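Residue-level structural notes
Next come the chains, spelled out residue by residue.
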Amino acid sequence: MRAFGGRLPDRSPAVRVCDADRERAVAELRDRYADGSLAQESFMFRVDAALRARWREDLAQILADLPEPRPSLAQAGLGRLTRAGRAVRRRLAGQLPAPPLRFMLPSGTKKSFTIGRDAACDLVLSDMTVSRSHAGLRREAGDWLLTDEGSTNGTRLNGWRVTEPVPLRAGDEVMFGALTMVVAEHAWHASAAATP
């Protein structure tokens, strides 16, 4: 059996789990899910088991059959971080503030929109911290309501985690995983602007 996070020997005595142990186990499961080693159903089952675990041996069994992290993903992540660091250095050298990403509220008559990494979503966000089907928007009584669709890394509105439908307003800060956007009013269509 593989050691838990490099901290739990194979023949450890019965030791109760603390919250930090559970968080490390869930983080490792999240990493394996992100690199494709776990299916969503298996990930959800294992996270539930990790959160219910009472003994370190239980956590070790949840993680025992998982493959080691793929080195190519780590190298790709390191390359991405290096490029991001270069971009930040160039931006700081020119003293140019990074413009915030704008999240335009949809216009038109459509009542609901899907947001996620999957190409089938209405708004595709190509960020690895965004789930395939991450969040949704639906129009009710003239307002747009934001919902989280069971995403892995969560959806936040002005710093608060979205657990139920919440209304969006211009100027709100929305986080889909680690991707931060600022809500902007939709552009009016010329036909709508011309209507008295």
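What counts, and where the lines are drawn
Residues numbered from 1 in each chain as written. Predicted model: local features only at pLDDT ≥ 70, side-chain atom pairs only at ≥ 80, totals over all residues. Heavy atoms only, no water. Helix = DSSP H or I, 4+ residues; strand = E, 2+ residues; numbered from the N terminus. Expected span 1.5 Å × (residues − 1). Buried < 20%, exposed > 50% of the residue type's maximum accessible area, 1.4 Å probe, protein only. Arc of directions from axis to C-beta. Pairing = 2+ DSSP bridges. Phe/Tyr/Trp six-rings, centres within 6.5 Å; stacked < 30°, edge-to-face > 60°. pLDDT = per-residue confidence, 0-100. Contact = heavy atoms within 4.5 Å. Axes fitted to C-alpha atoms, helices over the stretch in contact; angles between N-to-C directions. Parallel < 35°, antiparallel > 145°, perpendicular 65-115°, else oblique. Nonpolar A, V, L, I, M, F, W, Y, C, P; charged D, E, K, R; others polar. Salt bridge = Lys/Arg side-chain N within 4 Å of Asp/Glu carboxyl O.

1. What to know about helix α1 (residues 19–34)
The end-to-end C-alpha distance of α1 is 22 Å, a good match for the 22 Å that 16 residues give at a rise of 1.5 Å each. Listed in full, the buried residues belonging to α1 are Asp 21, Arg 22, Ala 25, Val 26, Glu 28, Leu 29, Arg 32 and Tyr 33. An end-on view of α1 places all buried positions within 160 degrees of arc, on one side of the element. Of the residues in α1, the exposed ones pointing more than 90 degrees away from the buried face are Asp 19 and Glu 23.

2. Things to note about the sheet that holds strand β7 (residues 160–161)
Adjacent strands of a sheet form backbone hydrogen bonds with each other and so pair up, either parallel or antiparallel. Judged by pairing direction, the sheet is mixed, and its five strands sit side by side in the order β1-β10-β9-β6-β7 without closing on themselves. The sheet is open, and its two edges are formed by β1 (101–104) and β7, each paired on a single side. Note that strand β6 (residues 155–157) and β7 share two bridges and pair antiparallel. If you follow Arg 156 over to β7, its bridge partner there is Arg 161.

3. Overview of the packing of aromatic side chains
Summed over the entire model, instances satisfying the criterion amount to three aromatic pairs. Ring centres of Tyr 33 and Phe 43 lie 4.7 Å apart, and the angle between their planes is 25 degrees; this geometry places the pair in the stacked category. In this pair, Tyr 33 is assigned in helix α1 and Phe 43 in helix α2 (residues 40–52), connecting sequence segments 10 residues apart. An identical accessibility class is assigned to Tyr 33 and Phe 43; each is buried. Ring centres of Phe 103 and Phe 176 lie 5.8 Å apart, and the angle between their planes is 50 degrees; on these two criteria the pair is classed as tilted.

4. Some points on the confidence of the model for the chain
Predicted confidence across the chain gives a mean pLDDT of 80, with 78% of residues reaching 70 or more. Scored below 50 in pLDDT, residues 6–11 makes seven contacts in the model with residues more than four places away or belonging to other chains. Scored below 50 in pLDDT, residues 188–196 shows two contacts in the model against residues more than four places distant or in partner chains.

5. Some details on the environment of Thr 180
Within the secondary structure layout, Thr 180 lies in strand β10 (residues 179–184). Each C-alpha atom of the pair Thr 180 and Arg 156 lies 9.1 Å from the other, and the pair is 24 residues apart in sequence.

6. Examining the packing of α1 against α2
Interhelical geometry of α1 versus α2 gives an angle of 175 degrees and a closest axis separation of 9 Å. In terms of their interaxial angle, α1 and α2 are classed as roughly antiparallel. The residues of α2 that touch α1, namely those facing Arg 22, Ala 25, Val 26, Leu 29, Arg 30 and Tyr 33, are Gln 40, Phe 43, Arg 46, Val 47, Ala 50 and Leu 51. The residue makeup of the contact of α1 with α2, split by class, is eight nonpolar, one polar and three charged.

7. As for helix α3 (residues 56–63)
Buried residues of α3: Leu 59, Ala 60, Ile 62 and Leu 63, and no others. On an axial view of α3, the arc spanned by its buried residues comes to 155 degrees, and they lie on one face. Where the residues of α3 are buried, they touch α1 and α2.

8. Thoughts on the packing of α1 against α3
Packing of α1 against α3 leaves a shortest axis separation of 11 Å and a crossing angle of 5 degrees. Considering their axes alone, α1 and α3 lie roughly parallel with respect to each other. The residues of α3 that touch α1, namely those facing Asp 21, Arg 22, Ala 25, Glu 28 and Leu 29, are Arg 56, Leu 59, Ile 62 and Leu 63. The residue inventory of the contact of α1 with α3, partitioned by class, reads five nonpolar, no polar and four charged.

9. Thoughts on the pattern of salt bridges
Scanning the entire structure with this criterion turns up eight salt bridges. Taking the shortest distance from any N to any O, the salt bridge between Asp 19 and Arg 22 comes out at 3.2 Å. Of the two residues, Asp 19 and Arg 22 are both situated in helix α1; the distance of three residues between them amounts to about one turn of the helix. When its relative accessible area of 54% is taken as the criterion, Asp 19 is described as exposed. Put simply, Arg 52 and Asp 48 hold a salt bridge, and the shortest N to O gap is 3.0 Å. Taken together, the residues span about one helical turn, with Arg 52 and Asp 48 both in helix α2 at a distance of four residues. Assessed through its relative accessible area of 63%, Arg 52 is described here as exposed.

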